[in-house]
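Residue-level structural notes
Below are the chains, spelled out letter by letter.
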Amino acid sequence: MNSQTPEAKDPKPSDSYVQSFARGLEVIRSFSAATPQQTLSEVAAQTGLTRAGARRILLTLQTLGYVETDGKLFRLSPRILDLGFAYLSSLPIWNLAEPVMEDLVEEVRESSSAAVLDGLDIVYVLRVPTHKIMRTTLGVGSRLPACWTSMGRMLLAGLPDDELQARLQCHPLQRFTAHTTTDMEALLAHIRQARQQGWCLVNQELEEGLISIAAPLTNRTGQTVAALNISGQANRTSAAMMQESLLPALLSAARTISRMMGAPRG
């Protein structure tokens, strides 16, 4: 629950900051897999808004078709996807990248995803799964903590070192599994290693049994703008197998997609 008042957490209104719009986005973000439906009181508590303020925003979103209600519970409507698809459609590279990822999945028989960095999270922008059953249910728009995912560490590795350390300075190090890196110096060492070698492998740090390997996707200036991964189950695909058998195909696919974004051949 957010115990802050709107006045405490929001910048003051100005010509460059529309507070009501920001609060509307907070209301949208309050809905998640854990809270797909909420009462008015729950939305107000999640966002730190008054009931009256939350009600005005919810009714506005309902009028625009982004929220549905049965009179008591509010939920996002499918129309909310338009906001995310606007971002994806503005990046036609993903339309070109998908066939490359489909070929990669066909070759390695493991799932592949692409993600971008948003703060200290990764956001999935494309995913090509296999038909194998895994506990993770990831799709476009899914978020995961960057520090304990292969794509996240690869994206963090693309940041200048001072910016990297600034982002991680106040970041709590959570333990998700017995394999999770919870020491900051060790985490920085993993990220710098990924930067140096040009790929990153994470073995069961976020979820038991989940292993993945990632490579950077770069643009014409050499900047890392996204990451591409292959993920699998540790009891079927070991870390050694990932590196020896799957990494070459991953790096080749990453280079192909990067060239689509204007990266020089190398």
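Above: the structure in question.
Now for a quick tour of the structure. (Residues numbered from 1 in each chain as written. Predicted model: local features only at pLDDT ≥ 70, side-chain atom pairs only at ≥ 80, totals over all residues. Heavy atoms only, no water.)

1. Describing the pairing of strand E4 (residues 111–118)
Burial analysis of E4 places six of its eight residues in the buried class, the great majority of the element. Across five bridges, E4 lies against strand E9 (residues 224–233) in antiparallel orientation. Considered in E9, the bridge of Ala114 is made with Leu228. Direction of pairing for E4 relative to strand E5 (residues 121–128): antiparallel, over a ladder of seven bridges. The residue of E5 that forms the bridge with Asp118 is Asp121. (Buried < 20%, exposed > 50% of the residue type's maximum accessible area, 1.4 Å probe, protein only. Helix = DSSP H or I, 4+ residues; strand = E, 2+ residues; numbered from the N terminus. Pairing = 2+ DSSP bridges.)

2. Here's the deal with the sheet that holds E5
Spatial strand order, E6-E5-E4-E9-E8-E7: six strands in an open sheet with antiparallel pairing. At either margin of the open sheet sits one strand with a lone partner, and together these are strand E6 (143–145) and strand E7 (200–203). Within the sheet, the average angular offset between the axes of one strand and its neighbour, ignoring direction, is 30 degrees. Here helix H10 (residues 239–260) sits on the sheet in contact with E7, strand E8 (210–218) and E9, set at roughly 25 degrees to E8. (Axes fitted to C-alpha atoms, helices over the stretch in contact; angles between N-to-C directions. Contact = heavy atoms within 4.5 Å.)

3. Looking at the pattern of salt bridges
Oppositely charged side chains can pair when the atoms bearing their charge come close. Considering all chains together, one arrives at eleven salt bridges under this definition. Across the pair Asp82 and Arg79 runs a salt bridge whose closest N-O atoms are separated by 4.0 Å. Asp82 sits in the partly exposed class, given a relative accessible area of 44%. Classification of Arg79 by relative accessible area gives partly exposed; the value is 43%. (Salt bridge = Lys/Arg side-chain N within 4 Å of Asp/Glu carboxyl O.)

4. A word on the pairing of E7
Of the two faces of E7, the one holding Cys200 and Val202 is buried and the one holding Leu201 and Asn203 is not buried anywhere. Note: E7 against E8, four bridges, orientation antiparallel. Considered in E8, the bridge of Val202 is made with Ser212. Between the antiparallel neighbours E7 and E8 lie six residues, among them Gln204 with a positive phi of about 60 degrees.

5. Considering helix H4 (residues 51–64)
In a regular helix each residue adds 1.5 Å, so 14 residues correspond to 20 Å; H4 covers 20 Å between its end C-alpha atoms and thus fits that length. For H4, the set of buried residues is Gly53, Ala54, Ile57, Leu58 and Leu61. Down the axis of H4, the buried side of the element spans an arc of 125 degrees, and every buried residue falls inside it. Along H4, the residues that are exposed and aim more than 90 degrees away from the buried face are Arg56 and Thr63. Buried residues belonging to H4 abut helix H2 (19–29), helix H3 (40–47), strand E2 (67–69) and strand E3 (74–76). Downstream of H4 by a residue or two, Gly65 has a phi angle that is positive, lying close to 90 degrees. (Expected span 1.5 Å × (residues − 1). Arc of directions from axis to C-beta.)

6. Section: the packing of aromatic side chains
Any pair of aromatic rings gets described here by the distance separating the centres and the angle formed by the planes. Going through the model one piece at a time under the given rule, you end up with one aromatic pair. Judged by centre distance (5.3 Å) and plane angle (65 degrees), the rings of Trp148 and Phe176 are edge-to-face. Residue Trp148 is located in the loop between E6 and helix H7 (150–157), and its partner Phe176 is located in the loop between helix H8 (161–168) and helix H9 (184–197); the two are separated by 28 residues in the primary sequence. Taking the relative accessible area as the measure of exposure, Phe176 reaches 34% and is therefore partly exposed. For Arg79, the ring lying beneath its charged end belongs to Tyr66, and the centroid distance is 5.4 Å. (Phe/Tyr/Trp six-rings, centres within 6.5 Å; stacked < 30°, edge-to-face > 60°. Lys NZ or Arg CZ within 6 Å of the ring centre and 35° of its normal.)

7. Examining the side chain of Ser212
Mapped onto the secondary structure, Ser212 falls in strand E8. Take Ser212: its relative accessible area is 9%, and that puts it in the buried class. Side-chain polar atoms of Ser212 contact the side chain of Ser150, separated by 2.7 Å. Not counting residues up to four positions away in its chain, the partners in contact with Ser212 are Ser150, Cys200, Leu201, Val202, Asn229, Ile230, Ser231 and Met242. (Polar contact = N/O pair within 3.5 Å; in protein donor to acceptor, adjacent residues only side chain to side chain.)

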